[in-house]
Amino acid sequence: MKYKIYFNLLLSIALISCKGEHQANMEHKYTNALINETSPYLLQHAHNPVDWHPWNNETLDKAKAENKLMLISIGYAACHWCHVMEHESFEDSLVAQVMNKNFINIKVDREERPDVDQVYMNAVQLMTGSGGWPLNAIALPDGRPVWGGTYFKKEQWIKILDQISTLYEEEPEKLYEYAEKLAKGIKSIDVVQLNSEAPSFDKAYIETTIENWSKKFDYSFGGPNRAPKFMMPNNYHFLLRYAHQNNDTALMDYVDLTLTKMAFGGIFDHVGGGFSRYSVDTKWHVPHFEKMLYDNAQLVSLYADAYLLTNKALYRDVIEETLEFIATEMTNEEGAFYSSLDADSNNAQGELEEGAFYVWTREELETVLKEDFQLFSDYYSINDYGLWEHGNYVLIRQIDDSTLIEKHNLDAVQLQEKKELWKAKLNDLRNSRDKPRLDDKSLTSWNALMIKGYTDAYRVLNRKEYLVSALKNANFILQKQLRPDGGLNHTYKDGNSTINGYLEDYAATIAAFLGLYESTLDRKWLDASRDLANYTFDHFFDEKSRMFFFTSDDDPSLVTRSIEYRDNVIPGSNSIMAKNLFRLAHYFDNTYFANAAEIMLNNVKPEMQTYPSGFSNWLDLMLNYTNPFYEVAIVGTAAEEKISELNRSYLPNTLIAGSTKSSNMPLLENRFNPEDTYIYVCVNKACKLPVTQVDQALKLIEK
């Protein structure tokens, strides 16, 4: 829906990108209300001359009491262009004078307040057709937006602010009229209608969806055939599963190509492990250098399943190196996971520069690697293919290990020793540089995604330390983020648990706890999952659409109460929730949960084929209905050993229940025999005869 804007300014403003450098403000001449916040992003702005306020009831009441426009600026700590705009405009006293005189200025960490971010992002996308961060919006004193954009240069920014404040002073009725129309548009964006048609899910629907989707595949480098390239792990998780279950070798080759090229690309940190957020080019070479917890968590899970299917050493290496990065750089003593590492760090001149920590000059590499430089250059493309800008190289691979071994007359052991030596030397050199800034807040939803990453890695690689890390973080959530009323808080930092949780926190935590149950057979994780699901029905469920709101009914109302259902870099919270309910329904024989999951999937079905990459997690759920879905119950003293053996196979269409003793769970009741351990394979509420060997059970499970 398009809305005509009543003044030329909003029609003519273009979203402009411009490179710049950010110098840290070392003086504290100014201090604003953000100094009392815990968010690293907000604290970065605490000494701006702009009179920033946090988003809270006190600030919103202030805007109403003074009848002033609100200027809402939204970003996050690892955002490069957020830093650029801060340096160019928000650290400038002349800009601050204009902002302070005419606006109540509010800084928002989008990771802390995704609900606020959603409202104003939707508004900006309606007004301009695109969005991004920094996200800047101007709203009436009641919070309804009237203007928005992303990054602006200083002169343009001042001109915009002057014109809008003049319009508000002289012709406020025009802004109020526009705000009313825009608010209607915002409310229409995430509306889900209850689908009155009977649920019908079939293979042909999914096949057609993938055929349409495949027209946008890049068959040279994997991923989508455009730039920039985001990794979108949930897309490839679904495509991997579909290709396997339908023996689609062409699609499997495409997924394998994508995962290989991502692992070869500069988007993967070949020295320190872990992935950056996205690639600015088509070959996964030059990343936008920030590292986000949520990307790395989901990619560990994805590569774990891919390793099960392919037994590819590259995929195992990615898992291990990524988790080593998480353990050393992104985990605190409590076992909580930090949010991100910045794209920017200080260069040799002491100036903040994007990627300064990660890139290399040829001279540096020659000095450090000496006689190994030529071999290293061949492996990591220190040539035109790996060159970025200003003589800097971003490491990227073009060939696999076997090709290099044959070309240089090496063996696998020699190459592995050289790779370890290279990484040690380059890590030593890199650690002498200023490190990127760390966003050390812990978000419940992202931590839960990382629990699942660790659990999946444990399931596949059987490394006990991975399960230990997953359990430590899960207990952290239970002890620090779970409230006495059964609800979750969203963020944690410096001992403080704050902000009422969003649907994403519940959905991701339930999924993580279900995975932990399957790995440990500890009933407490299964019961905690059920209890959190019940809480979401009490506080998030929309009886009209049969979907879940993003915010709790305990939260203050915003311009709209959205329903997040489209999958993005993280799957939509409703799609994760629907998959959770599907599994919980099987564990607890709960018809209400089963019906809820089916209705949710049916609600989004009409939209799925038009934008498949935005519904891949829903499509994964649909496979549970179009293909057989199995319950595997393992009961007996050797249950844990048999589950470990079962996990050596890729079984996406199963759930596991088990116990080493008698249990009253629906799937386990009256099945314990102290004399032996039995495996029951069940489908559609009917069970095969029990078997005692895993290979026998696998023969009963069809793809």
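The preceding data block contains the structure.
Residues numbered from 1 in each chain as written. Predicted model: local features only at pLDDT ≥ 70, side-chain atom pairs only at ≥ 80, totals over all residues. Heavy atoms only, no water.

A. Molecular detail of the packing of aromatic side chains. Within the structure shown, the criterion is met by 45 aromatic pairs. A ring pair is formed by Trp52 and Phe90, whose centres lie 5.0 Å apart and whose planes are at 90°; its orientation type is edge-to-face. Of this pair, Trp52 sits in strand 1 (residues 52-54) while Phe90 sits in helix 4 (residues 80-90), placing them 38 residues apart in sequence. When the ring of Phe537 is compared with that of Tyr592, the centres are 5.2 Å apart and the planes differ by 55°; the resulting orientation is tilted. Residue Phe537 is found in helix 21 (residues 523-539), and its partner Tyr592 is found in helix 23 (residues 591-608); the two are separated by 55 residues along the sequence. On the accessibility criterion, Tyr592 (41% relative accessible area) is partly exposed. Within the aromatic cluster, the residues linked to one another by ring pairs are Trp213, Phe217, Tyr219, Tyr236, Phe238, Tyr242 and Tyr254. Between Lys283 and the ring centre of Tyr385, over which it is positioned, the NZ or CZ distance is 3.6 Å. If you follow Lys291 out to its NZ or CZ, it ends over the ring of Phe325, 4.1 Å from the centre. (Phe/Tyr/Trp six-rings, centres within 6.5 Å; stacked < 30°, edge-to-face > 60°. Helix = DSSP H or I, 4+ residues; strand = E, 2+ residues; numbered from the N terminus. Buried < 20%, exposed > 50% of the residue type's maximum accessible area, 1.4 Å probe, protein only. Lys NZ or Arg CZ within 6 Å of the ring centre and 35° of its normal.)

B. View of the sheet that holds strand 1. What the five strands build is an open sheet, ordered 1-3-2-4-5; its pairing is mixed. The open sheet has two edge strands, strand 1 and strand 5 (145-149), and neither has a second partner. Strand-to-strand twist across the sheet, computed as the mean angle between neighbouring axes with direction ignored, equals 30°. Here strand 2 (residues 69-75) runs beside strand 4 (residues 135-139); their pairing, made up of five bridges, is antiparallel. (Pairing = 2+ DSSP bridges. Axes fitted to C-alpha atoms, helices over the stretch in contact; angles between N-to-C directions.)

C. Main features of the nonpolar core. By size, the foremost hydrophobic cluster in this structure holds 176 residues, and its most contacted members are Trp157, Leu239, Tyr303, Leu581, Tyr587 and Trp618. For Leu581, the contacting residues outside a window of four places in its chain are Ala533, Phe537, Phe548, Phe593, Ala596, Ala597 and Met600. Leu375, Tyr380, Ile382 and Leu410 belong to the second-largest nonpolar core, a separate cluster that totals 20 residues. (Core = buried A, V, L, I, M, F, W, Y, C linked by side-chain atoms within 4.5 Å. Contact = heavy atoms within 4.5 Å.)

D. Structural view of the environment of Ile186. Following the sequence through the fold, Ile186 ends up in helix 8 (residues 172-189). In this structure Ile186 comes out as buried when scored by relative accessible area, which is 1%. On a C-alpha basis, the gap between Ile186 and Met252 in space is 39 Å, while along the polypeptide they are 66 residues apart. Sequence-distant contacts of Ile186, defined by excluding residues within four places in its chain, comprise Val119, Asn122, Ala123, Leu126, Pro145 and Thr560.

E. Representation of the pairing of strand 18 (residues 496-500) within the structure. Relative to strand 18, strand 17 (residues 489-493) is paired through four bridges, and the arrangement is antiparallel. When the sheet's bridge partners are listed, Asn489 is paired in strand 18 with Asn500. Once strand 17 ends, the chain turns through two residues before running back antiparallel as strand 18, passing Asp494 with a positive phi of about 50°.

F. Region of interest: the state of the cysteines. Within the structure shown, the criterion is met by two disulfides. Here Cys79 pairs with Cys82 through a disulfide, and the sulfurs are 2.3 Å apart. Taking the sign of the S-S torsion, about 80° here, the bridge from Cys79 to Cys82 comes out right-handed. Judged by its relative accessible area of 2%, Cys82 falls in the buried class. With its bonded cysteines labelled in order along the sequence, the chain shows the pairing 1-2, 3-4. (Disulfide = S-S within 2.5 Å.)

G. Fine view of the pattern of salt bridges. Per the stated rule, a full pass over the model turns up 43 salt bridges. With its nearest N and O atoms 3.0 Å apart, the salt bridge here joins Asp256 to Lys312. Of the two residues, Asp256 sits in helix 11 (residues 249-264) while Lys312 sits in the loop between helix 12 (293-310) and helix 13 (313-329), which places them 56 residues apart along the sequence. Looking at Lys312, the relative accessible area reads 25%, which means it is partly exposed. Lys291 serves as the salt-bridge partner of Asp269, at 2.8 Å between the closest nitrogen and oxygen. (Salt bridge = Lys/Arg side-chain N within 4 Å of Asp/Glu carboxyl O.)

H. Just helix 14 (residues 362-369), in detail. All of the buried residues in helix 14 are Leu365, Val368 and Leu369. Each buried residue of helix 14 sits inside an arc of 80° when the element is viewed along its axis, so together they form one side. When the buried face of helix 14 is taken as reference, the exposed residues oriented beyond 90 degrees from it are Glu363 and Thr367. Tucked inside the fold, the buried residues of helix 14 contact strand 13 (360-361), helix 15 (373-380) and helix 17 (412-430). (Arc of directions from axis to C-beta.)

I. Representation of the sheet that holds strand 17 in the model. Read across the sheet, three strands follow the order 16-17-18 without closing on themselves; strand pairing throughout is antiparallel. The outermost strands of the open sheet, each flanked by one partner alone, are strand 16 (442-443) and strand 18. Both strand 16 and strand 17 contribute to a ladder of two bridges, which runs antiparallel. Its bridge partner being in strand 17, Ser442 is matched across the sheet by Tyr492. Running over the sheet, helix 19 (residues 464-481) touches strand 16, strand 17 and strand 18 and is turned about 100° from strand 17.

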